[in-house]
Amino acid sequence: MSGGAMSAANSVPPQPLPQEVPMEATAGKSAPKKRGRGRPPKVKQAKQEKITDTMKVEKKPKRKIDRFKGTPESELLLRTLPDHLSPNLDIVIIGINPGLMAAYVGHHYPGPGNHLWKCLYMSRLIDRPMTAMDDFKLINNGIGFTNVVERTTPGSKDLSRKEMMEGAKILVGKLQKYQPRIAAFNGKSIYDAFSSVFFGKKLKKDFMFGQQPDLVPGTTTRIFVMPSSSARCAQFPRAQDKVQFYLRLKRLRNELKGIQEDRDIEETDYSFDLIKAIEDAKRTKVKQEKGLDTDTCGGAHVHVDTPTAPGVAPGVAPGVAAAGEAPQPNWDLGVFPPMDFVDHIPDITSQ
């Protein structure tokens, strides 16, 4: 080795040896965590945007049916219904208060789903089919109309208990003045308010419809309670479920007037079968979906093979019009036409 190389090697300082780090210096540092067994943690992924998130979808407005032909509800709430009363009537039918439709047409029980007019004819309390437009004519049949509360509301639930109590007192004054043979309450809730005021008792859960043991205070007027004629009556939802009470009402009227009972129509034992009613409703719905002929009012079905009645063209069922003719109901054979809601709203704007 040359002398220059030896001097360069001797000029490099020696490197220090690595010293051991004491255990105390590393005690403060955390040891690496061991991953436990099991499923790996879920990684949150960014939510993918949908095309519809950036698009502004406009909802179609619900179609509103103009039930009152432009008449505002605020105006209807100010209207009232006239009573149809006269001395010594056979029956006074008592409602709770006018609804919006009754206030609009100015007649009692005009709703297309109301069963009162149908039951009156089916029980033969009236001798021919009538509608709400004929309510004032029923005085000729010995039947009148009034309400407990005069004020018009969208529903009976809008009435206060105080209004019902005060209306019951006004009602008794009317019945004492006109002295009808029977006061027929069209609904249990109406009689409940009446009974609370004058007899000091509320109706029990096992209350029975029909003639009641008490008389109207200060009169000889019998009290008869019927199920509500509304189609919303859950206990008796169909007209044929309610007609039995109209038959009883007719029988009571005949007894008070000394009229011999008509044996052509007799009351039979009745029990409401909810399961059967549900099954009937399902069958009717299936027929309607298949386009078969059904009666939306719950009356008899119209079939082409129905026997020909006098004055009906051969091959045409009673209640079904021939080609080019308007349909005519055949009430005597139990055929009732479907009641379309809009068609039964009269136009009173020009009156």
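Sequence order sets the numbering: in each chain, residues are counted from 1 along the sequence as written. At least 70 in pLDDT is required for a residue's local features to be given in this predicted model, at least 80 for side-chain atom pairs to be given and counted, and no such filter applies to totals for whole chains, interfaces and linings, which use all residues. Hydrogens are left out, water is left out, and the side-chain values use all remaining heavy atoms of the structure.

> Looking at this structure, how should I read the overall build of the protein?
A count of helical and extended segments in the protein gives 10 helices and five strands. Each of the 351 residues in the protein was classed as buried or not, and the buried ones make up 34%. Taking as baseline every contact in the protein between residues at least 6 positions apart, the subset at least 24 positions apart corresponds to 66%. To measure how exposed things are, a 1.4 Å probe is used in the Shrake-Rupley method; for residues, cover is taken only from the protein chains shown. If you sum the accessible surface of the protein, you get close to 24,000 Å²; carbon and sulfur atoms cover 54% of it. A run of H or I in DSSP becomes a helix once it reaches four residues, and a run of E becomes a strand once it reaches two; helices and strands are each numbered from the N terminus. The rule is simple: take the accessible area with a 1.4 Å probe, protein chains only, and divide by the maximum for that residue type; under 20% is buried, over 50% is exposed, in between is partly exposed. Should any heavy atoms of two residues lie within 4.5 Å, those residues are counted as being in contact.

> Before we go on, may I ask you to explain the packing of aromatic side chains in this structure?
Remark: the centre distance and the inter-plane angle together describe each pair of aromatic rings, the angle taken between the planes. The aromatic pairing rule takes the rings of Phe, Tyr and Trp, using the six-membered ring of Trp, and pairs them if the centres are within 6.5 Å, calling planes under 30 degrees apart stacked, those over 60 edge-to-face and the rest tilted. All told, the structure shown has 13 aromatic pairs when counted by the stated rule. Pairing F209 with F236 gives two aromatic rings, centres 5.8 Å apart and planes at 85°, and the pair type is edge-to-face. One end of the pair, F209, is in the loop between α8 (188-198) and β4 (210-215); the other, F236, is in the loop between β5 (222-226) and α9 (239-257), with 27 residues separating them in the sequence. Note on F209: relative accessible area 13%, which makes it buried. Put simply, the rings of F185, Y191, F194, F198, F199, F207, F209, F236 and F245 touch in pairs and so form one group of aromatic residues.

> Hey, could you run me through the sheet that holds strand β2 (residues 143-147) in this one?
Paired through backbone hydrogen bonds, the strands of a sheet run either parallel or antiparallel to each other. DSSP-based pairing: two strands are paired if at least 2 bridges between them are found. Pairing is mixed across the open sheet formed by five strands, whose spatial order is β2-β1-β3-β5-β4. Every interior strand has two partners, whereas the edge strands, β2 and β4, have only one. Looking at each pair of strands side by side, their axes are set apart by 25° on average, direction ignored. Pairing of strand β3 (residues 182-186) with β5 involves five bridges; the strand directions are parallel. The residue of β5 that forms the bridge with I182 is R222. Lines are fitted to the C-alpha atoms to define the axes, a helix being fitted only along its stretch in contact, and any angle between axes, read from their N-to-C directions, falls within 0 to 180 degrees. Sitting on the sheet, α8 touches β1 (91-95), β3, β4 and β5, and the angle it makes with β5 is about 140°. In the packing of α9 onto the sheet, the strands contacted are β1, β3, β4 and β5, and the crossing angle to β5 comes to about 165°.

> When you look at the nonpolar core in this model, what are you seeing that I'm missing?
As a rule of thumb, soluble globular proteins bury nonpolar side chains together. Membership of the largest hydrophobic core comes to 27 residues, with the highest contact counts inside it found for I94, L171, F185, Y191, F194, I223 and V225. Looking at this core element by element, the count peaks at five residues for helix α7 (residues 161-178). When near neighbours in sequence (up to four residues on either side) are disregarded, I223 contacts A183, F185, Y191, F194, F199, G210, Q211, Q212, D214, L215 and V216. Residues belong to one nonpolar core when they are buried, are Ala, Val, Leu, Ile, Met, Phe, Trp, Tyr or Cys, and are joined through side-chain atoms within 4.5 Å. I126, M130, I182 and Y246 belong to the second-largest nonpolar core, a separate cluster that totals 24 residues.

> Hey, could you run me through the packing of α7 against α8 in this one?
Helix-helix packing is characterised by the crossing angle of the two axes and by the distance between the axes. At their nearest, the axes of α7 and α8 sit 9 Å apart, and the two run at 75° to each other. By the angle class used here, α7 and α8 are roughly perpendicular. Each of R161, M164, M165, A168, K169, L171 and V172 in α7 lies in contact with α8, whose residues at this interface are S189, I190, D192, A193, F194, S196, V197 and F198. For classification, angles of less than 35 degrees are called roughly parallel, those exceeding 145 degrees roughly antiparallel, those between 65 and 115 degrees roughly perpendicular, and all remaining angles oblique.

> Where do I start with the pattern of salt bridges in this structure?
A side chain of one charge can pair with a side chain of the opposite charge when the charged atoms of the two come close. A side-chain nitrogen of Lys or Arg and a carboxyl oxygen of Asp or Glu constitute a salt bridge if their distance falls within 4 Å. As enumerated under the stated definition, the model contains eight salt bridges in all. Between E163 and R151 there is a salt bridge, with the nearest N and O atoms lying 2.8 Å from each other. Of this pair, E163 sits in helix α7 while R151 sits in the loop between β2 and α7; the two residues are 12 residues apart in sequence, bridging distant segments of the chain. Overall, the relative accessible area of 37% leaves R151 in the partly exposed class. Linking D214 and K201 is a salt bridge whose minimum nitrogen-to-oxygen distance equals 3.5 Å. On the criterion of sequence distance, the pair formed by D214 in strand β4 and K201 in the loop between α8 and β4 is long-range, its members being 13 residues apart. On the basis of relative accessible area, K201 is assigned to the partly exposed category, the value being 41%. A single network of salt bridges, built from pairs that share partners, joins D90, R181 and K257.

> Quick question: what am I supposed to make of the confidence of the model for the protein here?
Reading fine detail from the predicted coordinates is not recommended where pLDDT is low. For every residue, the pLDDT score states the predictor's confidence, bounded by 0 at the bottom and 100 at the top. Of the residues in the protein, 64% reach a pLDDT of 70 or more, and the chain-wide mean stands at 76. Note that pLDDT drops below 50 for residues 311-324; the model gives that stretch 27 contacts with residues more than four away or on any other chain. For residues 338-345, every residue scores under 50 in pLDDT, and the model assigns this stretch 14 contacts once sequence neighbours within four places are set aside.

> Can you help me understand α9 in this one?
To estimate the expected span of a helix, count its residues, drop one, and scale the result by 1.5 Å. For α9, which comprises 19 residues, the first-to-last C-alpha distance of 27 Å matches the rise-based estimate of 27 Å (1.5 Å per residue) to within 8%. Once α9 ends, the next one or two residues include G258, with phi positive near 75°.

> Is there a simple way to explain the environment of M226 in this structure?
Tracing the backbone through its elements, the reader meets M226 in strand β5. Here the alpha-carbon distance between M226 and Q211, two residues 15 residues apart in the chain, equals 8.9 Å. In contact with M226, other than residues within four places in its own chain, are A184, F185, N186, G187, K188, F209, Y246 and L249.

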